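Close look at the chain arrangement
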Amino acid sequence: MAIRDRIGGVQIGGRRSLTLAATASGKEKSPLEKCRHPSVLGADPMNLWKHYHNAQTVTDALQVLAEAPGRACLIAGGTDLMLDLQQGNHPPVHTLVDVTAIPEMTALEIREGELFIGASVPHARITTSPLVREHAAALATACGLIGGPQVRNTATLGGNVGHALPAADGTIALTALDAEAEVASLGGRRRVPMDELFLGPGESSLEARRELLVGFYLPLRGPNQASAFKRVMRPQGVAIAILNAAVWLQCDDGRITDVHIALGPSGPVPRRLRNAESVLRDQPYDEVVVGQAVKALLEESSFRTSRHRSTQAYRHHMAGILLEETLALAWQAARERISR
Ligand SMILES: Cc1cc2nc3c(=O)[nH]c(=O)nc-3n(C[C@H](O)[C@H](O)[C@H](O)COP(=O)(O)OP(=O)(O)OC[C@H]3O[C@@H](n4cnc5c(N)ncnc54)[C@H](O)[C@@H]3O)c2cc1C
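**Let's talk about the pairing of strand E7 (residues 114-118)**
- Here strand E6 (residues 108-111) pairs with E7 via 4 bridges, running antiparallel. Paired with isoleucine 110 across the bridge in E7 is leucine 115.
- What sits between the antiparallel neighbours E6 and E7 is a turn of 2 residues, in which glutamate 112 has the positive phi angle 45 degrees.
- Pairing of E7 with strand E12 (residues 212-219), which is carried by 5 bridges, proceeds in the antiparallel orientation. The residue of E12 that forms the bridge with phenylalanine 116 is tyrosine 217.

**Here's the deal with the site of the ligand**
- In the vicinity of the ligand there are 31 residues, among which Ala76, Gly77, Gly159, Asn160 and Gly162 approach most closely.
- In terms of residue count, helix H9 (residues 157-162) provides more of the shell around the ligand than any other element does, 4 residues in total.

**A closer look at helix H12 (residues 287-300)**
- With 14 residues, H12 extends 20 Å from end C-alpha to end C-alpha; this agrees with the ideal 20 Å at 1.5 Å per step.
- Looking only at H12, the buried set comprises Val290, Ala293, Ala296 and Leu297. In an axial view of H12, the angular spread of the buried residues amounts to 120 degrees, which keeps them on one side of the axis. In this structure, H12 carries Glu287, Val288 and Glu299 as exposed residues pointing more than 90 degrees from its buried face.
- In this fold, the buried residues of H12 make contact with strand E15 (255-264), helix H11 (274-280) and helix H13 (312-339).

**Focus on the sheet that holds strand E5 (residues 95-98)**
- Taken together, 3 strands build an open sheet; the order of strands is E3-E5-E4 and the sheet is parallel. Looking along the sheet, the strands with just one partner apiece sit at the ends: strand E3 (51-54) and strand E4 (72-75). Ignoring which end each strand starts from, the neighbouring axes of this sheet average 25 degrees apart.
- Bridge count between E3 and E5: 4 bridges; the pairing is parallel. Residue histidine 53 lies in a different strand from E5, and its bridge partner there is valine 97.
- The sheet strands contacting helix H3 (residues 58-67) are E3, E4 and E5, and the helix crosses E5 at an angle near 170 degrees.

**Side note on unusual backbone geometry**
- At the junction of glycine 264 and proline 265, the peptide bond is cis and its omega measures out at -15 degrees in the coordinates.
- Mapping proline 265 onto the fold places it in the loop between E15 and H11.
- Phi at glutamate 112 is positive, roughly 45 degrees, even though this residue is not glycine.
- In this structure, glutamate 112 sits in the loop between E6 and E7.
- For glutamate 112, a count of 6 C-beta atoms within 10 Å translates into the label exposed.

**A short note on the environment of glutamate 104**
- With respect to the helices and strands, glutamate 104 occurs in the loop between E5 and E6.
- Sequence separation between glutamate 104 and alanine 119 is 15 residues, and the spatial gap between their C-alpha atoms is 9.0 Å.
- Excluding residues within four positions of it along the chain, glutamate 104 makes contact with Val58, Gly118 and Val214.

**So, the sheet that holds E12**
- Overall, antiparallel pairing links the 5 strands, which are arranged E6-E7-E12-E8-E9 in an open sheet. In this open sheet, the two strands that pair with only one neighbour each are E6 and strand E9 (188-193). Neighbour-to-neighbour, the strand axes of this sheet turn through a mean angle of 30 degrees, independent of strand direction.
- With respect to the sheet, H3 is in contact with strand E8 (180-185) and E12, its orientation differing from that of E12 by roughly 140 degrees.

**Topic: the pairing of E8**
- Taking burial as the measure, the 6 residues of E8 include 5 buried ones, the bulk of the element.
- Bridge analysis of E8 against E9 gives 6 bridges, and the strand direction is antiparallel. Paired with glutamate 180 across the strands is proline 193, a residue of E9.
- Remark: 2 residues form the turn of the hairpin made by E8 and E9, two consecutive strands paired antiparallel.
- Of the strand pairs in this sheet, E8 and E12 are connected by 5 bridges, and their pairing is antiparallel. In the sheet register, valine 183 faces E12, and the bridge partner there is leucine 213.

**Let's talk about the nonpolar core**
- Ranked by size, the top nonpolar core spans 93 residues in total, and within it Ala138, Leu139, Ala173, Ala176, Leu177, Ala246 and Val247 carry the most contacts.
- If we ignore the near neighbours within four places in the chain, the residues touching leucine 139 are Ile126, Val132, Gly170, Ala173, Leu174 and Leu177.

Here is what the cut-offs are and how they apply
- Residues numbered from 1 in each chain as written.
- Predicted model: local features only at pLDDT ≥ 70, side-chain atom pairs only at ≥ 80, totals over all residues.
- Pairing = 2+ DSSP bridges.
- Helix = DSSP H or I, 4+ residues; strand = E, 2+ residues; numbered from the N terminus.
- Near = placed C-beta within 6 Å.
- Expected span 1.5 Å × (residues − 1).
- Buried ≥ 20, exposed ≤ 12 C-beta atoms within 10 Å, placed from the backbone.
- Arc of directions from axis to C-beta.
- Contact = placed C-beta atoms within 7 Å.
- Axes fitted to C-alpha atoms, helices over the stretch in contact; angles between N-to-C directions.
- Core = buried A, V, L, I, M, F, W, Y, C linked by C-beta atoms within 7 Å.

Following this line, the structure appears as structure tokens:
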């Protein structure tokens, strides 16, 4: 089903348009508007794209993406892209290629000993999936916190990763869970570790007109393993978190035998905090070791002040607390699984 049907289109001038698309006014521009993409300023919002293609297969999507006569880009739920187009943070496009009706991109299943989640699976389905809750609890929690019910019904995991923000909730969870993305081009397919998918804020390493995310492969959870996700959000916040953390760990009697930590935004891209992981690995789970891990995490993180969310100092103050709490959740879950 196309995005326009899923989020409710309205009929304007004989043509369906998104209810998300605001009306451009000819009134005086705000300072923010003056910074926006010049080709959008004063533009008719109906002209933000010319052609909308509902792809039926990955090859179909890639062909249209490559052959469109003007700028083309992928769209899934549209909850990021539509706003960016409408607000002038993304230049208008000739062709939007909708990938939500491609069957292999909406699969969620166990495949040859791994959990596969298609890039076009919406967050609502991920958070309620028994398979995801069993094998990737951090991801189920993260997807369940994204936006509100309307956003979760529409927005997808692939879109969350494709937007490449350093604190996107689903992306941070996938990073700690050691997921690999399946990337398709007309030349073939490859698997890319989450760590290698990003170049900078809002910039993925995919070739824009040549590649797309088909889905994500995650290891199945072992008997002494568990994961957890937690975030710090503004009380009225609906979009990106002030801070978020995901922890995957493996334990034996009283010790952490292996651990992965992702914290967003701890730098320009979603990433693992490998020094903090090294401090914890093969160590007892106690206050002293966790304190050393917090110290390592703060040293290897680079926080910044963001106008709408938080100061750098607040992030620095909260990051250690968030790590302690997320670690405790994962530890408790792993211990409970051992004692079952
Ligand atoms: C009200 C509101 C609240 C939100 N709250 C949160 C939140 O709490 N946490 C959070 O992390 N995010 C939040 N978001 C942001 C957004 O909803 C998520 O990032 C969502 O997962 C984006 O998915 P989408 O399918 O809508 O992506 P789209 O908007 O369709 O696409 C986003 C980007 O990804 C690209 N893309 C899409 N699919 C693919 C693919 N298969 N391969 C490669 N590139 C692709 C698109 O070209 C585009 O650049 C919120 C947004 C809104 C509007």
